Amino acid sequence: MIQCAKDTEHWHASSKYHDVTYLAIYGEQPTVWTEVLTRDAYDEVAEQLSKN
């Protein structure tokens, strides 16, 4: 479980190799979605993480 403080921008997703379940519980204001991650950028991040 991850808890983010109010007004903290963060990124979350599955990877090529692992699934993720996302359940957002928030109070007075809904989630503000920012940019969409492209498949190429996603694959690049997944590749970097697989090396760690």
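Our subject is the structure listed above.
The present account deals with the structure reproduced in this document. (Residues numbered from 1 in each chain as written. Predicted model: local features only at pLDDT ≥ 70, side-chain atom pairs only at ≥ 80, totals over all residues. Heavy atoms only, no water.)

### Description of the overall build of the protein chain
Heads up, the condition is: For helices the rule is a DSSP run of H or I covering at least 4 residues; for strands it is a run of E covering at least 2, with both sets numbered from the N terminus onward. Accessible area is worked out with a 1.4 Å probe on protein chains only. A residue is then buried under 20% of its type maximum, exposed over 50%, and partly exposed in between. Accessibility throughout is a Shrake-Rupley quantity obtained with a 1.4 Å probe, and a residue counts as covered only by protein chains that appear here. We treat Lys and Arg as the positive residues and Asp and Glu as the negative residues; His and chain ends play no part in the count. Charge coordinates come from a single atom per side chain, which is NZ of Lys, CZ of Arg, CG of Asp or CD of Glu.
Helix and strand content of the protein chain: one helix and zero strands. The principal-axis extents of the C-alpha atoms in the protein chain amount to approximately 40 × 25 × 15 Å. Within the protein chain, the fraction of its 52 residues that count as buried is 4%. As displayed, the protein chain has an accessible area near 5500 Å², and 52% of this comes from carbon and sulfur atoms. Across the protein chain, 4 positive and 9 negative side-chain charges occur, with their mean positions spaced 4 Å apart.

### Some thoughts on the pattern of salt bridges
How we decide: By definition here, a salt bridge exists when the distance from a side-chain nitrogen of Lys or Arg to a carboxyl oxygen of Asp or Glu is within 4 Å.
Per the stated rule, a full pass over the model turns up one salt bridge. R39 is the partner of D43 in a salt bridge, and the nearest nitrogen-oxygen pair spans 3.6 Å. Here the residue D43 and the residue R39 both occupy positions in helix α1 (residues 39-50), the gap between them amounting to four residues, near one helical turn. For R39, a relative accessible area of 54% gives the class exposed.

### Concerning the environment of S50
Residue placement: S50 occurs in helix α1. Separated by 47 residues in sequence, S50 and Q3 have C-alpha atoms that sit 24 Å apart.

### Remarks on the environment of W33
Rules: Should any heavy atoms of two residues lie within 4.5 Å, those residues are considered in contact.
Tracing the backbone shows W33 in the segment before α1. Between the alpha carbons of W33 and E9 there is a distance of 9.5 Å; along the sequence they are 24 residues apart. Contacts of W33, omitting those with residues within four sequence positions, involve H12 and Y22.

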